[in-house]
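Chain by chain, the residues:
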Amino acid sequence: MTRIAPGDTAVLPTRRVTFEYPDDMHPMWVPHMPEFSAAANAISLGMPYAEPLFIRAMRSTFDRIDPELRARSESYIRQETGHHTQHKKFNDIVVAHYPAVRHVQKLMAINDRWVWRRSPRFRVAYAAAGETISYGVARWTEAHLGELMDRAEPVAATLFCWHLAEEIEHKSNTYDVFEATDGSRLRYALAAAVGLATIATFTFIGALVQLWSERRLHNPLTWFRLARLSVSMAFVLVPTLVISALPGHHPRDITDPIYLPQWLKLYDPATATMPLWGSLPDGLTD
């Protein structure tokens with residue numbers, strides 16, 4: 001049986017969150033930092049490809065994992081299904097403003113088909129590494145919440161923060177499945193390297209396409225901000241991935257951010273809503 005440590009949840013909560021975007025919402029939803037908007041949008045464009053891939057990888061192991069881990073994995077799948085469903089609606093807005101990003105999406109689809117043609121063990125390792133990367137992005141975002149989100153468009157900010165908060169919540173699940181079905185640190189390290197290179201490439205290209213459409217690429221400040229964001233993110237993601245590939249490591253060994261998991265507690269199941277970012281009650285983290 002797969003061991004569930006204190007603090008882990010046997011079955012993850014399912015939050016049926018839906019988002020209604022303003023008709024006039026502009027995809028540069030962090031107006032004071034359009035470079036971050038473009039990078040976040042590029043990541044969002046990949047969600048309808050990457051997350052179904054992770055889901056299929058998890059389902060392919062159901063005949064080889066114990067009932068407890070399978071039940072938790074099924075609840076993980078419900079969370080992931082909600083993520084890519086809601087991101088697809090947001091992506092429709094991005095694509096309508098920047099039709100050229102469809103070419104980036106085609107490359108993302110090709111990459112996912114390539115991953116699926118690898119061995120079943122590599123697919124699971126790739127999913128586990130992908131969730132570690134997502135967890136690292138969540139940790140980075142929490143450290144910059146005030147700088148980025150407090151002046152952002154609230155519905156889009158709520159979408160991304162809800163998604164990242166649940167990435168923190170289910171950080172251990174795919175890793176547990178990987179350990180239960182394989183556990184090869186070498187395979188995991190290879191999958192992590194491929195995953196990080198892929199995400200970085202698509203994020204960069206997708207961001208450039210949007211910023212080119214906004215006529216910002218001639219501005220030196222744009223390139224400075226892109227470089228600063230890249231270096232800042234790398235200082236979180238690279239150590240997180242290196243640590244995650246070490247023998248004896250488990251994601252639960254990393255201390256979680258505080259604010260985003262607390263914010264998840266404000267989900268209202270009756271209305272299927274999270275409070276819009278910028279309308280949060282005082283004392284949330286008390």
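Whatever comes next refers back to the structure up there.
Not measured: the values here are computed from a predicted model.

Asker: Quick rundown of the overall build of the chain? Include the residues and the values.
Answerer: A tally of helices and strands in the chain yields ten helices and zero strands. Starting at the N terminus and walking to the C terminus, you meet the elements of the chain as α-α-α-α-α-α-α-α-α-α. For a compact globule of 286 residues, the expected C-alpha radius of gyration is about 19 Å, and the chain comes in at 18 Å, within 12% of that figure. Expressed as lengths along the three principal axes of its C-alpha atoms, the size of the chain is roughly 55 × 40 × 30 Å. Here the chain holds 286 residues, and the buried ones make up 53% of them. For the chain, restricting intrachain contacts to residue pairs at least 6 apart in sequence, the fraction spanning at least 24 positions comes to 84%. Across the chain, the mean location of the 29 positive side-chain charges is 8 Å away from that of the 30 negative side-chain charges.

Asker: I'd like a description of the pattern of salt bridges, backed by residues and values.
Answerer: On inspection of all chains with the given rule, the structure shows eleven salt bridges. Between R70 and E74 there is a salt bridge; the shortest N-O distance is 3.3 Å. In this pair, R70 and E74 are both assigned in helix α2 (residues 67-97), four residues apart and thus about one turn of the helix distant. You can call R70 partly exposed: its relative accessible area is 35%. R72 is the partner of D176 in a salt bridge, and the nearest nitrogen-oxygen pair spans 2.7 Å. Placement of the pair is D176 in helix α7 (residues 173-181) and R72 in helix α2, with a sequence separation of 104 residues. An identical accessibility class is assigned to D176 and R72; each is buried.

Asker: Pulling in residues and values, what's your account of helix α3 (residues 101-116)?
Answerer: Under the 1.5 Å per step criterion, the end-to-end length of α3 is 23 Å for 16 residues, consistent within 8% with the ideal 22 Å. What α3 keeps buried is the set V101, V104, Q105, M108, A109, N111, D112 and V115. Down the axis of α3, the smallest arc covering the buried residues is 160°, so these residues share one side. For α3, the exposed residues set more than 90 degrees away from the buried face come down to H103 and K106. On its buried face, α3 is in contact with α1 (34-59), α2, α4 (120-143) and α8 (185-213).

Asker: Break down the environment of T273 for me, citing the residues and quoting the values.
Answerer: Topologically, T273 is positioned in the segment after α10 (259-264). Residues T273 and A128, 145 residues apart in the sequence, show an inter-C-alpha distance of 28 Å. If we skip the residues at most four places from it in the chain, T273 touches L266, Y267 and D268. One polar contact links T273 to T271, side chain to side chain, over a distance of 2.6 Å.

Asker: I'd love a proper account of the nonpolar core, names of residues and values included.
Answerer: Core analysis: the largest hydrophobic core is formed by 84 residues, its most contacted members being W29, F36, F90, M149, Y188 and L260. In terms of residue count, the dominant contributor to this core is α4 (twelve residues). Excluding residues within four positions of it along the chain, W29 makes contact with F36, S37, A40, N41, F90, M149, A152, E153, A156, A157 and F160.

Asker: Give a description of unusual backbone geometry that names residues and reports values.
Answerer: Phi is positive for R215, close to 60°, though the residue is something other than glycine. Relative to the assigned elements, R215 resides in the loop between α8 and α9 (220-244). If you check the backbone angles, A272 has positive phi at about 55° while not being a glycine. Structurally, A272 is set in the segment after α10. With relative accessibility at 15%, the residue A272 sits in the buried group.

Asker: Tell me about a nonpolar patch on the surface, and name the residues and values.
Answerer: On the surface, V238, V242, I243 and L246 cluster together into a nonpolar patch covering about 320 Å² of accessible area. Turning to its location among the elements, L246 is positioned in the loop between α9 and α10.

Asker: Outline the packing of α1 against α2, supporting the account with residue identities and numerical values.
Answerer: Axis separation between α1 and α2 bottoms out at 8 Å; the angle between their running directions is 155°. Between α1 and α2, the interaxial angle falls into the category roughly antiparallel. Relative to α2, α1 is oriented so that their crossing is left-handed. For the pair α1 and α2, the contacting residues are N41, S44, L45, M47, P48, E51, P52, F54, I55, M58 and R59 in the first and Y76, I77, E80, T81, H83, H84, H87, K88, F90, N91, V94 and V95 in the second. For the contact of α1 with α2, the class distribution of residues is twelve nonpolar, seven polar and four charged.

Rules and cut-offs
Residues numbered from 1 in each chain as written. Predicted model: local features only at pLDDT ≥ 70, side-chain atom pairs only at ≥ 80, totals over all residues. Heavy atoms only, no water. Helix = DSSP H or I, 4+ residues; strand = E, 2+ residues; numbered from the N terminus. Rg over C-alpha atoms; globule rule 2.2 N^0.38 Å. Buried < 20%, exposed > 50% of the residue type's maximum accessible area, 1.4 Å probe, protein only. Contact = heavy atoms within 4.5 Å. Lys, Arg positive; Asp, Glu negative; His and termini not counted. Charge placed at Lys NZ, Arg CZ, Asp CG, Glu CD. Salt bridge = Lys/Arg side-chain N within 4 Å of Asp/Glu carboxyl O. Expected span 1.5 Å × (residues − 1). Arc of directions from axis to C-beta. Polar contact = N/O pair within 3.5 Å; in protein donor to acceptor, adjacent residues only side chain to side chain. Core = buried A, V, L, I, M, F, W, Y, C linked by side-chain atoms within 4.5 Å. Patch = residues over 30% accessible without salt bridge, like charges linked within 9 Å, V, L, I, M, F, W, Y side chains within 5 Å. Areas by Shrake-Rupley, 256 points an atom, 1.4 Å probe, with all protein chains shown as cover. Axes fitted to C-alpha atoms, helices over the stretch in contact; angles between N-to-C directions. Parallel < 35°, antiparallel > 145°, perpendicular 65-115°, else oblique. Left-handed = near helix turned anticlockwise from the far one by under 90°. Nonpolar A, V, L, I, M, F, W, Y, C, P; charged D, E, K, R; others polar.

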